[in-house]
Amino acid sequence: MTEPPARRLLLVHAHPDDESINNGATMARYAAEGARVTLVTCTLGEHGEVIPPELAHLSGPALGEHRLRELARAMRALGVEDFRQLGGAGRYQDSGMMGLADNDDPACFWQADLDEAAASLVEVIREVRPQVLVTYDPNGGYGHPDHIQAHRVAMRAAELAEEAGLGIAKIYWNRVPCSVAEEAFARLGRELPGLPFAKAAVIDDVPGVVDDERITTEIDGTAYAAAKAAAMGAHATQITVAEPYFLLSNELAQPLFTTEYYELVRGERAGERETDLFAGIHGAGVEEAS
């Protein structure tokens, strides 16, 4: 019988494309190193704004189906084989931006019963037995209802898993250190006149920017920059990539980060600034923290 990979990473995201923007380099690195990387996406992004004019006719379920195909292409670019939708494809619908009428749709993720949705995620945890979980902070990075709900579901599932004897050793939230964002946007400002973008975003447009001291972990994904860019580009309805920058439907350029940053919120920290999400975990095929 084949032994399961020693390292097992679970990521919980709201829509197709969120994983590539936030964690693409991390996912590609661990997949290449032989870890089992599992992505759970909570909705198909049926209310996303479509960038290419030739695809502007897509909306609702048709857009969701198209974005699922984009997700499959992105996962091939990252080398990730295990990606799935919470509760099955289409179980939870995109809730739209905060404050819209879409938030009130009983079928949307924002209206999902927390324990029911978390129970679906526990089933994935029971199968995969991840040592590490990555998701958003309580604000979902930038206040989108599906991101906030993904955070709630992931954290509740971790609690239920713990009660069932399926404890996850370390839980991380996606972050970007303020100093890194400031430096990247300063460079973008200097280079903007020569770029195929008319205007730049601002730091407040980047989800999860926090003071540097809150960063516990950084994953150097430089070797996987091309894979991350390709994965982001696969989400063509949502993202336009022109390395080392990209833009969303707001047509505002922002940096494409290949070093990805995290805040450890549960579990034992292995050193002042970790460089491995699995650092210090017994039986994960890594050296223990000293």
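Residues numbered from 1 in each chain as written. Predicted model: local features only at pLDDT ≥ 70, side-chain atom pairs only at ≥ 80, totals over all residues. Heavy atoms only, no water.

- Looking at an unreviewed UniProt entry, the protein carries the name 1D-myo-inositol 2-acetamido-2-deoxy-alpha-D-glucopyranoside deacetylase, with the source organism given as Streptomyces lincolnensis.
- Under the Sequence similarities (unreviewed entry) heading, UniProt states for the protein: "Belongs to the MshB deacetylase family." (UniProt positions renumbered as here; feature names shortened; annotations may be inferred.)

### A few points about the packing of aromatic side chains
Stage number 1. Here the structure, examined in full by the defined rule, presents 3 aromatic pairs.
Stage number 2. For the pair Tyr30 and Phe278, a centre-to-centre distance of 5.3 Å together with 70° between the ring planes defines the contact as edge-to-face. Of this pair, Tyr30 sits in helix α1 (residues 18-32) while Phe278 is found in the segment after β12 (259-266), placing the two residues 248 residues apart along the sequence.
Stage number 3. Classification of Tyr30 by relative accessible area gives buried; the value is 0%.
Stage number 4. The ring of Tyr30 carries the charged tip of Arg29 above its face, separated from the ring centre by 5.1 Å. (Phe/Tyr/Trp six-rings, centres within 6.5 Å; stacked < 30°, edge-to-face > 60°. Helix = DSSP H or I, 4+ residues; strand = E, 2+ residues; numbered from the N terminus. Buried < 20%, exposed > 50% of the residue type's maximum accessible area, 1.4 Å probe, protein only. Lys NZ or Arg CZ within 6 Å of the ring centre and 35° of its normal.)

### Things to note about a nonpolar patch on the surface
Stage number 1. Together, Met97, Leu100 and Tyr142 make up a nonpolar patch on the protein surface, roughly 290 Å² of accessible area in all.
Stage number 2. Within the element layout of this structure, Tyr142 appears in the loop between β4 (132-135) and α4 (145-163).
Stage number 3. Under the relative-accessibility criterion, Tyr142 is labelled partly exposed at 39%. (Patch = residues over 30% accessible without salt bridge, like charges linked within 9 Å, V, L, I, M, F, W, Y side chains within 5 Å. Areas by Shrake-Rupley, 256 points an atom, 1.4 Å probe, with all protein chains shown as cover. Salt bridge = Lys/Arg side-chain N within 4 Å of Asp/Glu carboxyl O.)

### What to know about the nonpolar core
Stage number 1. Judged by nonpolar contacts, the single largest core of 30 residues is most densely connected at Leu10, Val12, Leu86, Phe109, Leu121, Ile125 and Leu133.
Stage number 2. Elements supplying a minimum of two residues to this core: β1 (8-13), α3 (114-128), α4 and β5 (170-177).
Stage number 3. Examining the composition of this core, we find that 8 residues originate from one element, α4, more than from any other.
Stage number 4. Formed by 26 residues, the second largest nonpolar core is a distinct cluster that contains Ala35, Val132, Ile219 and Leu277. (Core = buried A, V, L, I, M, F, W, Y, C linked by side-chain atoms within 4.5 Å.)

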